[in-house]
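Listed here are the chains, written in short residue letters.
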Amino acid sequence: MQLIATTGEAQQDILKTTCPYCGVGCGVDATVSATRGLSESQFESDPGPEQKREAQRVGVSTGPSSLPESFNSASTELENHAIAGPAINVDAQVVTVTGTREHPANFGRLCVKGASLHETLSMHDRLLHPMIDDQRVSWDQALDLVATQFKDIAEEHGPDSVAFYLSGQLLTEDYYVANKLMKGFVGTANVDTNSRLCMASAVVGYKRAFGADAVPCSYEDLECCDLLVVVGSNAAWTHPVLYQRIAAAKTARPAMKVVVVDPRRTATCDLADLHLQIAPGSDAALFNGLLNFLSQAGACNTAYIAAHTEHFEAAVDAAKPWSTQRVAERCDVPIRDLLTFFNWVNATEKTVTFYSQGVNQSSSGTDKCNAIINWHLATGRIGRAGMGPFSITGQPNAMGGREVGGLANQLAAHMGFAPEDVDRVRRFWDAPRMAEKPGLLAVDLFDAIESGDVKAVWIMATNPVVSLPNADKVKRALAKCDFVVVSDCIEQTDTARLADVLLPARGWPEKQGTVTNSERRISLQPALVPPAGEAQDDWWIVCEVAKRMGWESSFDYQSAHDIFLEHARLSAFENEDTRAFNIAGLAKLTEAEYLRLNPIQWPVKTTPDSGGAGTERLFADGQFFTPSRKAQFLPIQPEEPQSQSSDPYAFILNTGRIRDHWHTMTRTGKAERLSQHIDAPKLSLNRVDAKILDARDGDLLEIESQYGAVQALALIDDTVRPGEVFLPMHWTGENSSLGRMGVVVSPERDPYSGQPESKQTPVALRKIDIAVWGTVLCNEPIDEFPADFWIRNTVGEGSQAIHSSAPDEQSISSAGPAYRYEFGLLGDLDWADWVEARWGDELQVGQFIDNANKRSRLAVVEDDRLLALITWGHSREHLPNPMSFSALLNEYPVNLMGILAAQAPSLEDKGRLVCSCFKVGEKQILAAIGEGVDTVEGLGEKLRCGTNCGSCKTELSAMLRESAVETA
């Protein structure tokens, strides 16, 4: 093969990859700008193994593919990329991203988070080198220490004294080797993952009913069903691309009905024909009542039940006490709405139940999942187009992690700890110390760390000090743990600050491997650019530690491709159709074929044909993976949440995601526009409760449970019922004073899945009287910010690295973004003294006091450049929008007097951002409405808002409604 390259010329390539955010698994076309220099000696007709491995690392094909080119050939010229060997200088950046039109998950759509991926790749906070006790070391030093400590501790205290805590952000190949090392060689199943916090109950529900962790549906079913029941999911914000697919289907087929079951009135309810605003925790009662109603109406499919299921009578007997009247009382919904829902289900064969964290994150989440599955089995509505129980995954590779045994109660390839499974995996791996029992689940794992039973833990690609319940206990546990290793892309996170060893991992778009989305579709996530600094693939890091522990031959992989093939072979090993997960058809992919893998749904039992098809739906033949091959009904006794409100904790706290942010914001926090829609932790509470608390919008509230306390700004609306409040999950100790939601969340958990009850924590609320509100705009983060309350957001689009072939020559294209703080003080602070203490007394400082409005401004200038602008006063309403001043940080020379006079000619004050895609603010939208625009479509035509990902359409509708009421 002749390798083609441009010598010393700038060029752009469009490469296909997969979005690293939610479980939708959208295809992404990434435009990569690169300047490559290539010596004549490197135009080889047959690349050697080193070149092949490096080419595979940066997403380069080294040979023709035998797979069809329907997906990857469009706009993708992998063969035209230079083989990036060690002697080649490769400078590459992801310039823009768009949705891949051919990808069957999104067909070209991207939400605003996905569309902003290229804005999140700045290097200013990347972990670039291995660190031991905050000191830079070589990879050999770090790996030797990790291997020695884990080996010595396991030998002295037993294998269960060490643990891994993994993440749905890892690629399948990373997950595979981590599980292999611990469960097959160290000899412990203490390997759990943050997927325990979102998907564990759905997993157990499927396994109890079907004998396998197997989602039966495809995304197409969401579009071709006649009734969609959305339960505990705000898909409009959490899975926006699927929401837009559903919205488009409903527009095309107006007879299609959507029912939303959720204690909150979320943005998803805009699409609903019926919203059942049930009491928190009452889902199982609702679906038991539905099963009872269908049974009494003679609507159950008796032929299907007899041929393909077991224990139907027990499930119906358990549901019989749940009359429609009793369900209405328990769920606290009008009986007429309940009957409407039940009758729609009775009359509509093509029904999909689409459920997520509102079901799973419960102390009885598994039973809720099985209550949903029960009624689908009772009507035979499974395995066919437009019907089935569809659990939507939260993370990009939660399902891929489950395929390789990512949870502590699993072995690889969907096997468990039955003796025959343990023996099978032992023989396949030739494992010397096979774990024979489940390990510690997430909450129990960190309890064991605190007690000292687990003495070493390796945390990969996640931030449990923020995300786990009772998070202060997690923080204490890691602080006292003998040995903590953290692999991450980011140098400073709440968890990384507690590490003895920090290992720099590659991030999107530097790493390569596969992910599996919520419809069982495997997609490739190739490396698009060289790694930052000395960052390495997670699989490589794990394998290097394994080699140093004495198992070199078993972890001698040369690429992610090698690992994937072993993973595929294990899925087929002694399977004989007894396990749902089977990708035997992918076990012989060449490296080139792997690099051009079309998105494909498992099981894939034979080599993909010219169409490249996998398996669209499961259980169409009525055959399941239980010993009898029949699906199992479960008798469900609805349970009350383990945590109940009582004095002084009179409110019920619900938690979850918001529209524009992801997890703990290590990525999305870098993109300015993603922080402008909701820029602070805000507690949604009902107007009735706000009146009792004497709280207004923007007031500071303390939220306290028996586990700790956090603070958030009041957001008063009617999306929550009286007595219930909602708090986002994204704020951390890095970007807020007291915003870590996990501090207050109850660690109560489901007895079958171990999933925490994150949706139901009793809390007390208290208004905090702030004497001084203010903002600080500055060009660097501030350690120990001098305020009682503060939050921090990024200003500016950030910057990407100019990657260098030599880690020590890493260069950064700019100094990084600036920062905007909002703060509150219980008393006054002399900001001039603080400025002098922080920056010294050699700077130019100007101050303006506005006595009429009781506010002040102070500007700090050095060499005619603005270092900081501080604005404060006794009222939040009178503070200027600091975003309107952000461009001043880049102006030279800066106009000090103009700043002090509050003149900001550089940016229009658009108000709070509503449409993040096109940066359309609240003030612009209200102005357009005032000019007579009275439809969402009209706003889109005038301002472009709502015309891309569509996530803001519900808010646009609400603004139109509110304006109509005000002018009526």
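Residues numbered from 1 in each chain as written. Predicted model: local features only at pLDDT ≥ 70, side-chain atom pairs only at ≥ 80, totals over all residues. Heavy atoms only, no water.

Regarding the overall build of the protein chain
We apply this condition: Strands here mean DSSP runs of E at least two residues long; helices mean DSSP runs of H or I at least four residues long; both are numbered from the N terminus. Two residues qualify as a contact provided that any one of their heavy atoms is within 4.5 Å of a heavy atom in the partner residue. Method for areas: the Shrake-Rupley scheme with a 1.4 Å probe, in which residue coverage is limited to the protein chains shown.
In terms of helices and strands, the protein chain carries 29 helices and 36 strands. Once local pairs closer than 6 in sequence are excluded, the contacts in the protein chain between residues at least 24 apart make up 75%. Looking at the protein chain as shown, the accessible area adds up to about 33,800 Å², and 47% of this sits on carbon and sulfur atoms.

Topic: the sheet that holds strand β34 (residues 865-873)
Keep this limit in mind: Pairing between strands requires that DSSP locate at least two bridges from one strand to the other. As a rule, the C-alpha atoms of each element are fitted with a line to give its axis, helices using only the stretch in contact, and angles between N-to-C directions run from 0 to 180 degrees.
Spatially, β28-β31-β27-β34-β33-β32 is the arrangement adopted by the 6 strands of the open sheet, whose pairing is antiparallel. Edge positions in the sheet fall to β28 (789-795) and β32 (844-850), since each of these pairs with one other strand and no more. The sheet shows a mean angle of 15 degrees between the axes of neighbouring strands, taken without regard to direction. Examined bridge by bridge, strand β27 (residues 772-778) and β34 share 6 bridges and lie antiparallel to one another. When the bridges of β34 are listed, Gly 774 appears paired with Trp 872. Against the sheet, helix α25 (residues 831-839) touches β31 (818-825), β32, β33 (855-862) and β34, its axis set at about 150 degrees to β34.

Topic: the environment of Cys 111
What counts, and what does not: Type-normalised accessible area, obtained with a 1.4 Å probe on protein chains alone, sets the label of each residue: buried when under 20%, exposed when over 50%, and partly exposed for intermediate values.
With respect to the helices, strands and loops of the structure, Cys 111 is situated in the loop between β3 (90-99) and α2 (112-115). Overall, Cys 111 belongs to the buried group, its relative accessible area being 10%. Placed 806 residues apart in sequence, Cys 111 and Cys 917 show a C-alpha to C-alpha distance of 8.4 Å. Once residues within four sequence positions are removed from consideration, Cys 111 is found in contact with Pro 240, Val 241 and Cys 949.

Section: helix α12 (residues 324-331)
Taken together, the buried positions of α12 are occupied by Thr 324, Val 327, Ala 328, Arg 330 and Cys 331. Among the structural elements, α9 (283-296) and α13 (335-347) are those in contact with the buried residues of α12. Asp 332 occupies a position one or two residues after α12 and carries a positive phi of about 60 degrees.

Thoughts on the packing of α12 against α13
Where we set the bar: Two helices crossing with the near one rotated counterclockwise from the far one by less than a right angle form a left-handed crossing, whereas a clockwise rotation gives a right-handed crossing.
Orientation of α12 relative to α13, taken along the N-to-C sense of each, is 115 degrees, at an axis distance of 9 Å. Handedness of the crossing formed by α12 with α13: right-handed. Taken together, the residues of α13 that come into contact with α12 (itself represented by Thr 324, Gln 325, Val 327 and Ala 328) are Ile 335, Leu 338, Leu 339 and Phe 342.

Things to note about the nonpolar core
We count it as follows: Nonpolar cores are built from buried Ala, Val, Leu, Ile, Met, Phe, Trp, Tyr and Cys residues. Side-chain atoms within 4.5 Å join them into one set.
By size, the foremost hydrophobic cluster in this structure holds 184 residues, and its most contacted members are Phe 150, Phe 164, Leu 181, Leu 228, Leu 286, Phe 341 and Trp 458. Contact partners of Leu 228, with chain neighbours within four places excluded, come to Leu 222, Ile 246, Met 256, Lys 257, Val 258, Val 259, Val 352 and Phe 354. Counting residues in each nonpolar core, the second largest holds 24 residues, with Leu 127, Tyr 165, Val 454 and Val 465 among its members.

Quick notes on the pairing of strand β8 (residues 227-231)
Within β8, 5 of the 5 residues are buried, leaving the element largely enclosed by the surrounding structure. Judged by which residues are buried, β8 turns out to be covered on both faces: Leu 227, Val 229 and Val 231 on one side and Leu 228 and Val 230 on the other are all buried. Where β8 and strand β9 (residues 257-261) come together, 5 bridges link them in parallel fashion. Each residue of the ladder has a partner; that of Val 229, found in β9, is Val 259. As paired elements, β8 and strand β12 (residues 351-355) share 5 bridges and run parallel to each other. Following the sheet pairing, Leu 228 is matched in β12 by Val 352.

Structural notes on the side chain of Thr 188
The condition is simple: What qualifies as a polar contact is a pair of N or O atoms within 3.5 Å, subject to a donor-acceptor requirement within protein and to the restriction that residues adjacent in sequence count only when both atoms come from side chains.
Relative to the assigned elements, Thr 188 resides in the loop between α4 (172-186) and β7 (191-193). Classification of Thr 188 as buried rests on a relative accessible area of 1%. Side chain to side chain, Thr 188 and Asp 160 meet in a polar contact 2.7 Å long. Discounting chain neighbours no more than four positions away, the residues touching Thr 188 are Pro 159, Asp 160, Val 162, Met 182, Lys 183 and Ala 435.

Brief notes about the sheet that holds strand β25 (residues 724-728)
Spatially, β21-β25-β22-β24-β23-β26 is the arrangement adopted by the 6 strands of the closed barrel, whose pairing is mixed. Across this sheet, the average inter-strand angle for adjacent strands is 45 degrees, counted without regard to direction. Pairing geometry for strand β21 (residues 651-656) and β25, over 5 bridges, is parallel. Counterpart to Ile 652 in the pairing with β25 is Glu 724.

Details of helix α21 (residues 538-548)
Of all the 11 residues making up α21, 8 are buried; the element is thus mostly covered by neighbouring parts of the structure. Burial in α21 covers these residues: Asp 538, Trp 539, Ile 541, Val 542, Cys 543, Glu 544, Val 545 and Ala 546. After α21 finishes, the residue Gly 550 shows a positive phi value of roughly 110 degrees.

Description of the packing of aromatic side chains
Counted only if it meets this: Pairing of aromatic rings covers Phe, Tyr and the six-membered ring of Trp, with a centre-to-centre limit of 6.5 Å; geometry is then stacked below 30 degrees between planes, edge-to-face above 60, and tilted otherwise. A ring is considered to have a charge above it if a Lys NZ or an Arg CZ atom is located within 6 Å of its centre and within 35 degrees of its normal.
All told, the structure shown has 36 aromatic pairs when counted by the stated rule. Arranged with centres 6.3 Å apart and planes meeting at 65 degrees, the rings of Phe 619 and Phe 625 form a pair that is edge-to-face. In terms of burial, Phe 619 and Phe 625 fall into one category: buried. Seen from their ring centres, Phe 785 and Tyr 821 are 4.6 Å apart, and the 5 degrees between their planes marks the pair as stacked. Here Tyr 821 lies in strand β31 and Phe 785 lies in the loop between β27 and β28, a separation of 36 residues in the sequence. Tyr 821 shares its class with Phe 785; the two are buried. Chaining the aromatic ring pairs together yields one cluster made of Phe 785, Trp 790, Tyr 821, Phe 823, Trp 831, Trp 834, Trp 839 and Trp 872. Above the plane of the ring of Trp 602 lies Arg 520, whose end atom (NZ or CZ) is 5.8 Å from the centre. The positively charged end of Arg 629 is found above the aromatic ring belonging to Phe 625, 5.3 Å away from the centroid.

Overview of the pattern of salt bridges
The test is simple: Salt bridges are defined by distance alone: a side-chain nitrogen of Lys or Arg within 4 Å of a carboxyl oxygen of Asp or Glu.
This structure, assessed with the given rule, holds 55 salt bridges. Of the charged contacts, one joins Arg 721 and Asp 332 as a salt bridge, the two residues approaching to 3.2 Å between their closest N and O atoms. In this pair, Arg 721 is assigned in the loop between β24 (708-716) and β25 and Asp 332 in the loop between α12 and α13, connecting sequence segments 389 residues apart. Of the residues examined, Asp 332 reaches a relative accessible area of 48% and is grouped as partly exposed. With a closest N to O distance of 2.6 Å, Arg 912 and Glu 955 form a salt bridge.

Some details on the confidence of the model for the protein chain
To keep it simple, the criterion reads: Values of pLDDT, ranging from 0 to 100, describe the predictor's confidence in every residue of the model.
Summarising the model, the protein chain shows a mean pLDDT of 88, and 89% of its residues fall at 70 or more. Taken together, the stretch residues 798-814 has pLDDT below 50 and engages in 48 contacts with residues farther than four places along the chain or on a different chain.

Overview of the environment of Arg 126
Mapped onto the fold, Arg 126 is located in the loop between α2 and β4 (131-132). Between the C-alpha atoms of Arg 126 and Gln 492, which are 366 residues apart in sequence, the distance is 8.4 Å. What Arg 126 contacts, discounting residues up to four positions off in sequence, is Cys 489, Ile 490, Glu 491, Ala 505, Arg 506, Gly 507, Glu 510, Ala 532, Ala 535 and Lys 670. In terms of polar contacts, Arg 126 uses its side chain to reach the side chain of Glu 510, at 2.9 Å.

Here we look at the pairing of strand β15 (residues 483-488)
With 6 of 6 residues buried, β15 is to be regarded as a mostly interior element. Bridging between strand β14 (residues 456-460) and β15 involves 5 bridges; their strand directions are parallel. Bridging across to β15, Trp 458 finds its partner in Val 485. Summarising the sheet, β15 and strand β16 (residues 501-504) pair through 4 bridges and their orientation is parallel.

Side note on the environment of Arg 253
Within the fold, Arg 253 resides in the loop between α8 (240-252) and β9. The class of Arg 253 is partly exposed, set by a relative accessible area of 27%. Along the sequence, Arg 253 and Cys 224 sit 29 residues apart, while their C-alpha atoms lie 9.2 Å from each other. When neighbours within four sequence positions are excluded, Arg 253 is seen to be in contact with Glu 223, Cys 224, Cys 225 and Asp 226.

What to know about a negative patch on the surface
Heads up, the rule is: What goes into a patch is any residue over 30% in relative accessible area without a salt bridge, connected to like charges within 9 Å or, for nonpolar side chains (Val, Leu, Ile, Met, Phe, Trp, Tyr), within 5 Å. None of His or the chain ends enter the tally, which takes Lys and Arg as positive and Asp and Glu as negative. Charge coordinates come from a single atom per side chain, which is NZ of Lys, CZ of Arg, CG of Asp or CD of Glu.
A grouping of Asp 830, Asp 833, Glu 836, Asp 841 and Glu 842 is seen on the molecular surface, where their side chains present a negatively charged patch. Here Glu 842 lies in the loop between α25 and β32. A relative accessible area of 71% means that Glu 842 is categorised as exposed.

Comments concerning unusual backbone geometry
For residues besides glycine, phi is generally negative; the peptide bonds are generally trans as well. Of note, the amide linkage connecting Trp 508 to Pro 509 takes the cis form, showing an omega dihedral of 10 degrees. Looking at where Pro 509 falls in the secondary structure, it is placed in the loop between β16 and β17 (513-516). For His 663, which is not glycine, the phi torsion reads 45 degrees and is therefore positive. Mapping His 663 onto the fold places it in the loop between β21 and β22 (682-685). Take His 663: its relative accessible area is 18%, and that puts it in the buried class.

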